[in-house]
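Residues per chain are reported as follows:
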Amino acid sequence: MDIKKDFDKKEVLQLVTFRLGNEEFSLDILRVQEIIRHMDLTRVPRTPEFVDGVINLRGRVIPVLDLRKRFGLPADEKTNDTRIIVVDVDDRTVGLKVDAVSEVLRLPSDTVEPPPAIVTGAESEYIKGVGKLDGRLLILLDVAKILSRTERDALGGVALNAVA
Amino acid sequence: MNNEMDDIVNDFISESAEALDSLDQKFIELEKNPGDTTLLNDIFRSIHTIKGAAGFLGFQQMVEATHVTEDVLNKLRKGEMEVNAAIMDAILQSVDLIKVLLNNIREKNGREEDLKPVIASLTNVLNGDYARKEEAPQLTVISSEKRSGNDAARPAQAPQPQPQSKDEPHKEKEQSIRVDIDRLDSVLNLAGELVLSRNRLMRLGSKLCELDTESELLSHMEEGIAQLDLVTTDLQLAVMKMRMQPIAKVFNKFPRMVRDLARQNDKEVELVISGEETELDKTVIEEIGDPLVHLIRNAVDHGMETPDERASKGKPRCGTLSLSAYQEGRHIIVSVADDGRGIDAAAIKRSALEKGLITPEDAEKMLNKEALNLIFIPGFSTARKVSNISGRGVGMDVVKTNISRINGIISIDSEVGNGTKITFRLPLTLAIIQALTVEAGGEIYGIPLSTVIENIRVTANDLKTIDGKEVIHLRDRVYPVVRLSGLVDGNVSSTNSEWNYIVLIGIGEKSFGILVDRLHGQEEIVMKSMGEYLKGTEGMAGACINGDGNVILILDVAGLLESMHRVYANC
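Parameters at a glance
- Residues numbered from 1 in each chain as written.
- Chains lettered and ligands numbered in written order.
- Predicted model: local features only at pLDDT ≥ 70, side-chain atom pairs only at ≥ 80, totals over all residues.
- Helix = DSSP H or I, 4+ residues; strand = E, 2+ residues; numbered from the N terminus.
- Buried ≥ 20, exposed ≤ 12 C-beta atoms within 10 Å, placed from the backbone.
- Contact = placed C-beta atoms within 7 Å.
- Pairing = 2+ DSSP bridges.
- Axes fitted to C-alpha atoms, helices over the stretch in contact; angles between N-to-C directions.
- Core = buried A, V, L, I, M, F, W, Y, C linked by C-beta atoms within 7 Å.
- Parallel < 35°, antiparallel > 145°, perpendicular 65-115°, else oblique.
- Left-handed = near helix turned anticlockwise from the far one by under 90°.
- Expected span 1.5 Å × (residues − 1).
- Nonpolar A, V, L, I, M, F, W, Y, C, P; charged D, E, K, R; others polar.
- Bend = angle between axes of the 7 residues up to and from the residue.
- pLDDT = per-residue confidence, 0-100.

### Looking at the overall build of chain B
Right, so step 1: Secondary structure assignment for chain B yields 18 helices and 18 strands.
Right, so step 2: By residue count, 35% of the 571 residues in chain B fall in the buried class.
Right, so step 3: Residue pairs at least 24 apart in sequence account for 68% of intrachain contacts in chain B once pairs closer than 6 positions are excluded.

This is the structure in structure tokens:
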């Protein structure tokens, strides 16, 4: 979804919010296919570190990315709350491992602001905007950006240079 | 409306392409039996059908090209002209042009081809001018006949018209429908899912049996599962068969190619094809076309001697090139053999030395059989000059790459003076494969069984190192070894047990060993892609789901070998 469009109209965004460490993130609900509990993974050699492995989702093999590692946060033990959010972008189905999924909420699009310019680093690029709701700050993620292959290859750095 | 039109055009394209493919074959036959009117009529009909459809659809250039060709064929058919090599060349040229036109239509590029030269040469033929225009080649034909007295490809010497071909059962209607390949693939996928569910049920069933052997319900369930097992296996086979195509699809274009090549090189070559009815998976068929083209070019260009050279060596003037295919267990063996001059291993070594591809010590140690494999190195060519057919040293690299990609094994046998035989050993199908499951570093991997030569149990002492690379010495040969557990980062190689296993792999023309912790067994697996995101991960061909619902990664042995070479090169 285009950012411009999000901001122009007075529409209401439906978001799935989840937790990584102390921060709250959110995804457009239309991108989310389902949310599953954490399951055993098969690790895949020679992939970037944040690729946790692959799982069997009802007969389909899909990769799972650890969002903590993806955003450079310290790794954490998996808990009872750990979830995998299965997202579907451009025919690409990928699981995103998060600490916990909190809720689904509605947010008027005019309360969303572009990310503050001061925030830099790998993380900022994937931020579509920051939403305010009752004093809480919600980070809206751009899923397509996280999943793009060029991104993956660039970040894969050492491991993937070998492929090229 | 537009869609309907597209459908009609697509049908036209695929039907015409099919007709044109079979035409090449028929023309070659016709050249051998110039008086065969059944064949002529057959050819005439094909061209006529294409012309009719093209006219209806408004492809003007196509109509023009087919029209003149048809005129010539008509004259031949009515016996007003005799088939000869010059006429054949003109007709074959026009068929090539029609193919180009068809391709333009397919790509909707709206390109116009220059029809004039082809039409002109056909009109010449029509007016009976061909004799004058083609005088020079005609003369050489006659003179070479005088010298040789045995030239099957030339009309004057060709066997007399054989009436036998008249009663060929060509008339029967084919009972088939066209199905989009995507639909077939999805059926195959579903069949694969069913196999997985069956495996799972079977596992659960046997577990239940352990708990309770008395219940009647249980025995009924066992029966049901056994039945399911049977049906799934049959279904799987049936679906696989749907994707199978006779290798004739590839072989058919070679008679024409060999004819043209031989004519260009002033050589006499007879192509003997056997086993063209052997069936292979569509993907495999698509991959072996190019390698075979290169091998046949090499055979005609480098392998075959000129007729005079052959005669002086006491061989028949006409060389034999044989192309054969047959099934051997779960493999298909395809081979190209010629009775030409053979490959001189010593010359290969010398050439490789000159180019700095091997060191003198290497050359010293190298067996002749190993030296032959040097021809697969990109850029390697012993040909003294580059012709437009071959000699650039790219061809054999293509052969190796394509065959490796489909998990095939290549072997070369050659004897100086007696000819060369190159054999491919290919898997029957790629979708459902037999895999050897192994354990390394706590993970389970599958290795396509078609690439496994043997498994060996070794201790740490059996592994030697040369220049810091691990190798294994086995029956007078040294194989490089790659540690599978080392692939996953941060994995301490967990060799607690005394024994390890080496899986010896053959891929393309090379072999190497993979060191694993344990062997698990053999399993029938359905290959799945790991999705767009992880596609192309080095060394991994894909994944599959085993009976427990866990994901197992399938090794891409060709990729693994490549990365191993890179590591060595960096050392």
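### Here we look at the overall build of chain A
Right, so step 1: In terms of regular secondary structure, chain A is built from 5 helices and 11 strands.
Right, so step 2: Each of the 164 residues in chain A was classed as buried or not, and the buried ones make up 32%.
Right, so step 3: For chain A, long-range pairs separated by at least 24 residues make up 55% of all intrachain contacts whose partners lie at least 6 apart in sequence.

### Some points on the sheet that holds strand S6 (residues 409-415) of chain B
Residues and elements named next belong to chain B.
Right, so step 1: Taken together, the 5 strands give an open sheet; going across it, the order is S2-S4-S5-S7-S6, and neighbouring strands pair in mixed fashion. This sheet does not close on itself; its edge strands, each paired only once, are strand S2 (269-274) and S6. Between one strand axis and the next, the sheet turns through 10° on average, direction left out of account.
Right, so step 2: Examined bridge by bridge, strand S5 (residues 331-338) and strand S7 (residues 419-427) share 8 bridges and lie antiparallel to one another. In the strand pairing of S7, Ser 335 is matched with Thr 423.
Right, so step 3: Each of S2, strand S4 (319-328), S5 and S7 is contacted by helix H12 (residues 282-303), which is oriented at about 20° to S5, the strand it contacts most.

### Quick notes on the nonpolar core
Right, so step 1: Grouped together as the largest cluster of nonpolar side chains are 117 residues, with contacts concentrated most on Val54(A), Ile85(A), Val258(B), Ile296(B), Val300(B) and Ala543(B).
Right, so step 2: In terms of residues, this core owes the most to one element, H12(B), which gives 8 residues.
Right, so step 3: Apart from residues no more than four positions distant in its own chain, Ala543(B) is found in contact with Val54(A), Val61(A), Lys528(B), Met530(B), Val551(B), Ile552(B), Leu553(B) and Ile554(B).
Right, so step 4: The next biggest cluster of nonpolar side chains, apart from the first, holds 31 residues, and it includes Leu30(B), Val72(B), Leu97(B) and Ile98(B).

### Some remarks on the packing of H12(B) against helix H17 (residues 395-405) of chain B
Residues and elements named next belong to chain B.
Right, so step 1: Direction vectors running N to C along H12 and H17 enclose 150°, while the axes themselves pass 9 Å from each other. With respect to each other, H12 and H17 are oriented roughly antiparallel. In terms of crossing hand, the pair formed by H12 and H17 is left-handed. Facing Glu 287, Ile 288, Asp 290, Pro 291, His 294, Leu 295, Arg 297 and Asn 298 of H12, the residues of H17 in contact are Gly 395, Met 396, Val 398, Val 399, Asn 402, Ile 403 and Arg 405.

### Details of the sheet that holds strand S4 (residues 51-57) of chain A
Residue and element names in this part refer to chain A.
Right, so step 1: Taking strand neighbours across the sheet as the criterion, the 5 strands line up as S3-S6-S7-S5-S4 in an open arrangement whose pairing is mixed. With partners counted over all chains shown, the strands left at the sheet margins are strand S3 (32-37) and S4, one partner each. On average, each strand axis in the sheet is inclined to that of its neighbour by 30°, with strand direction left out of account.
Right, so step 2: Examined bridge by bridge, strand S6 (residues 83-89) and strand S7 (residues 92-98) share 7 bridges and lie antiparallel to one another. Bridged to Val 86 within S7 is Gly 95.

### With respect to the environment of Ala90(B)
Residues and elements named next belong to chain B.
Right, so step 1: Tracing the sequence through the fold places Ala 90 in helix H4 (residues 85-107).
Right, so step 2: On the basis of neighbour counts, which here come to 24 C-beta atoms within 10 Å, the residue Ala 90 falls in the buried class.
Right, so step 3: Along the backbone, Ala 90 and Thr 69 are 21 residues apart, and their C-alpha atoms lie at a distance of 8.9 Å.
Right, so step 4: Each residue touching Ala 90, except ones within four places of it in the same chain, is listed here: Ser 121, Leu 122 and Val 125.

### Thoughts on helix H3 (residues 60-77) of chain B
Residue and element names in this part refer to chain B.
Right, so step 1: For H3, spanning 18 residues, the distance from its first C-alpha to its last is 25 Å, which sits close to the expected 26 Å at 1.5 Å a residue.
Right, so step 2: Buried within H3 we find Met 62, Ala 65, Thr 66, Val 68, Thr 69, Glu 70, Val 72, Leu 73 and Leu 76.
Right, so step 3: Taken together, the buried residues of H3 touch helix H2 (37-57), H4 and helix H5 (116-126).
Right, so step 4: Taken from the residues just after H3, Gly 79 is the one with a positive phi, measuring 80°.

### Digging into the packing of helix H8 (residues 181-211) of chain B against helix H9 (residues 216-242) of chain B
Relative orientation and spacing of two packed helices are given, respectively, by the angle between their axes and the distance between those axes.
Residues and elements named next belong to chain B.
Right, so step 1: Interhelical geometry of H8 versus H9 gives an angle of 155° and a closest axis separation of 9 Å. It follows from the interaxial angle that H8 and H9 lie roughly antiparallel. When the axes of H8 and H9 are compared, the crossing they make is left-handed. Counting all contacts with H8, which are made through Leu 184, Val 187, Leu 188, Ala 191, Leu 194, Val 195, Arg 198, Leu 201, Met 202, Gly 205, Leu 208 and Cys 209, the residues of H9 involved are Leu 218, Met 221, Glu 222, Ile 225, Leu 228, Asp 229, Thr 232, Leu 235, Gln 236, Val 239 and Met 242.
Right, so step 2: Its residues placed into classes, the contact of H8 with H9 shows 17 nonpolar, 3 polar and 3 charged.

### Some points on the interface of chain A and chain B
Right, so step 1: Each partner contributes residues to the interface: chain A has 24 residues there, and chain B has 25 residues.
Right, so step 2: Among the secondary structure elements, those contributing two or more residues to the side of chain A that touches chain B are S4, strand S5 (60-66), S7 and helix H4 (149-156) of chain A.
Right, so step 3: Take the side of chain A that touches chain B: its biggest share by element is 4 residues, from S4(A).
Right, so step 4: Taken together, the residues that form the side of chain A that touches chain B break down as 12 nonpolar, 5 polar and 7 charged.

### Digging into the pairing of S5(A)
Side-chain positions along a regular strand alternate between the two faces of the sheet.
Residue and element names in this part refer to chain A.
Right, so step 1: Burial of S5 is extensive: 6 of the 7 residues sit out of reach of the surface.
Right, so step 2: Alignment of S4 against S5, held across 6 bridges, turns out to be antiparallel. The residue of S5 that forms the bridge with Val 54 is Pro 63.
Right, so step 3: Turn length for the S4-S5 hairpin, with the two strands adjacent in sequence and antiparallel, is 2 residues, and the turn residue Arg 58 shows positive phi of about 45°.
Right, so step 4: Summarising the sheet, S5 and S7 pair through 3 bridges and their orientation is parallel. Bridge pairing links Val 64 to Gly 95 in S7.

### Quick look at H12(B)
Right, so step 1: Taking 1.5 Å per residue as the helical rise, H12(B) with its 22 residues ought to reach 32 Å, and the 30 Å between its terminal C-alpha atoms agrees with that figure.
Right, so step 2: Maximum bend of H12(B): about 30°, positioned at Ile288(B), with proline Pro291(B) one to four residues after it.

### Here we look at the confidence of the model for chain B
All names here are of chain B.
Right, so step 1: Averaged over all residues, the pLDDT of chain B equals 76, while 85% of them reach at least 70.
Right, so step 2: Note on residues 131-171: pLDDT is under 50 here. Beyond four places in sequence and across chains, it has 44 contacts.
Right, so step 3: Every residue in residues 384-392 is under pLDDT 50, and counting partners more than four places away or in other chains gives 16 contacts.
Right, so step 4: We note a pTM of 0.57 for the whole complex and an ipTM of 0.72 for its interfaces.

### Quick look at unusual backbone geometry
Most peptide bonds are trans, and most residues other than glycine sit at a negative phi.
Residue and element names in this part refer to chain B.
Right, so step 1: Although it is not a glycine, Asp 266 adopts a positive phi angle of roughly 55°.
Right, so step 2: Topologically, Asp 266 is positioned in the loop between helix H11 (254-265) and S2.
Right, so step 3: Positive phi outside glycine occurs at Asp 476, with the angle close to 70°.
Right, so step 4: Along the chain, Asp 476 falls in the loop between strand S12 (469-474) and strand S13 (477-483).
Right, so step 5: Exposure remark for Asp 476: the 6 C-beta atoms within 10 Å place this residue in the exposed category.

### A closer look at the environment of Ile348(B)
All names here are of chain B.
Right, so step 1: Following the sequence through the fold, Ile 348 ends up in helix H14 (residues 345-354).
Right, so step 2: On the basis of neighbour count, Ile 348 is assigned to the buried category, with 22 C-beta atoms found within 10 Å.
Right, so step 3: C-alpha of Ile 348 to C-alpha of Ala 371: the two residues are 23 residues apart in sequence and 6.7 Å apart in space.

### Notes on the environment of Ile525(B)
Residue and element names in this part refer to chain B.
Right, so step 1: If you trace the backbone, Ile 525 turns up in strand S16 (residues 518-526).
Right, so step 2: Along the backbone, Ile 525 and Ala 543 are 18 residues apart, and their C-alpha atoms lie at a distance of 9.2 Å.
Right, so step 3: Apart from the residues lying within four places of it in its own chain, the contact partners of Ile 525 are Ile 433, Ala 435, Gly 446 and Cys 544.

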